[in-house]
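Residue strings, one per chain:
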Amino acid sequence: MVNKNTYGSLMKIVEYNNSNDIWVQFEQGEPVHTQWTPFIKGEVTNVYDISIYGVGSIGDGLYKTSVKGKISPQYKSWHSMMTRCYNDKYQEKQPTYKGCTVVEEWHNFQNFAKWYDENYYEVEGDKMQLDKDIIVKGNKVYSPNTCVFVPQSINKLFIKKEFKRGKLPIG
């Protein structure tokens, strides 16, 4: 049997053991284990589906969205970045992110996660943040060439809002 999921991806049952044990194959990627009802409703997701804000996909590779039931730090950072750029409700609350985008290469979580692992570091006692406009002032594009991880204490020095920065001058 063949069906389309909610993202328009064609999926085909390649193994049916019972209604709770079905394997579905998409045009790309590995077979997905599911159940009959999600298959019929089109709720089975392919890692290549553009499922994050109409631009992002998880992709197929080493990096997982969660490990042992906990959201992975790579996915948390990626999803937060995508939210800042492509979630209208978030931008209503944080208008400084209006017009921000993510380079197409990073629309695939696997590519971002690889960059994350190659560039992430920690400073004891400080939370790390992904920043897009310290390297290029006024930058609106998240990309491998414009982003850097920076300790929150340093990143706050660049915030324009006095109530968040305190009485310190910008920079």
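Let me begin by describing the structure that accompanies this report. Quick caveat, the model's predicted, so the values are computed rather than measured. (Residues numbered from 1 in each chain as written. Predicted model: local features only at pLDDT ≥ 70, side-chain atom pairs only at ≥ 80, totals over all residues. Heavy atoms only, no water.)

### So, the environment of Y7
Then step 1. Relative to the helices and strands, Y7 is located in the loop between β1 (2-4) and β2 (10-18).
Then step 2. Using a relative accessible area of 41% as the deciding quantity, one classes Y7 as partly exposed.
Then step 3. The sequence separation of Y7 and F109 amounts to 102 residues, and the corresponding C-alpha distance is 17 Å.
Then step 4. For Y7, the contacting residues outside a window of four places in its chain are T45, D49, I50 and S51. (Helix = DSSP H or I, 4+ residues; strand = E, 2+ residues; numbered from the N terminus. Buried < 20%, exposed > 50% of the residue type's maximum accessible area, 1.4 Å probe, protein only. Contact = heavy atoms within 4.5 Å.)

### Some points on the nonpolar core
Then step 1. W78, M81, W106, F112, L130 and Y142 are the most contacted members of the largest nonpolar core, which totals 22 residues.
Then step 2. Residue assignment for this core shows that the elements contributing at least two residues are α2 (73-86), α4 (109-119) and β8 (128-131).
Then step 3. Discounting chain neighbours no more than four positions away, the residues touching M81 are V102, W106, F112, L130 and Y142.
Then step 4. Core analysis: the second largest hydrophobic core is formed by 7 residues, M11, I22, F26 and V44 among them. (Core = buried A, V, L, I, M, F, W, Y, C linked by side-chain atoms within 4.5 Å.)

### Remarks on the layout of surface pockets
Then step 1. Its volume calculated, the second largest pocket comes out at about 190 Å³.
Then step 2. Around the second largest pocket, the lining comprises 13 residues; the ones closest to its centre are V47, I58, G59, D60 and K64.
Then step 3. Considered class by class, the residues forming the lining of the second largest pocket number 4 nonpolar, 6 polar and 3 charged. (1 Å grid on protein atoms, 1.4 Å probe; cavity = no way out; pocket = protein on both sides within 12 Å on 5 of 7 lines; lining within 4 Å. Points joined across faces, edges and corners; volume = space filled by probe spheres on them. Nonpolar A, V, L, I, M, F, W, Y, C, P; charged D, E, K, R; others polar.)

### Topic: the sheet that holds β1
Then step 1. Across the sheet, 4 strands lie side by side as β1-β2-β3-β4; this open sheet has antiparallel pairing. Lying at the two open borders of the sheet, with one neighbouring strand each, are β1 and β4 (32-34). Averaged over all pairs of adjacent strands, the angle between their axes in this sheet comes to 35°, without regard to strand direction.
Then step 2. Here 3 bridges tie strand β3 (residues 21-26) to β4, and the two strands are oriented antiparallel to one another. In the strand pairing of β4, I22 is matched with T34. (Pairing = 2+ DSSP bridges. Axes fitted to C-alpha atoms, helices over the stretch in contact; angles between N-to-C directions.)

### Digging into a nonpolar patch on the surface
Then step 1. Where nonpolar side chains cluster on the molecular surface, the patch consists of M1, Y16, W36 and I40 and spans about 400 Å² of accessible area.
Then step 2. In this fold, W36 is placed in helix α1 (residues 36-41). (Patch = residues over 30% accessible without salt bridge, like charges linked within 9 Å, V, L, I, M, F, W, Y side chains within 5 Å. Areas by Shrake-Rupley, 256 points an atom, 1.4 Å probe, with all protein chains shown as cover. Salt bridge = Lys/Arg side-chain N within 4 Å of Asp/Glu carboxyl O.)

### Quick look at the pattern of salt bridges
Then step 1. Summed over the entire model, instances satisfying the criterion amount to 2 salt bridges.
Then step 2. For E118, the salt bridge is made with K114, and the minimal N-O distance between the two is 2.6 Å. Taken together, the residues E118 and K114, both in helix α4 and 4 residues apart, mark about one turn of the helix.
Then step 3. Salt-bridge contacts for K132 lead to D133; the nearest nitrogen and oxygen are separated by 3.2 Å.

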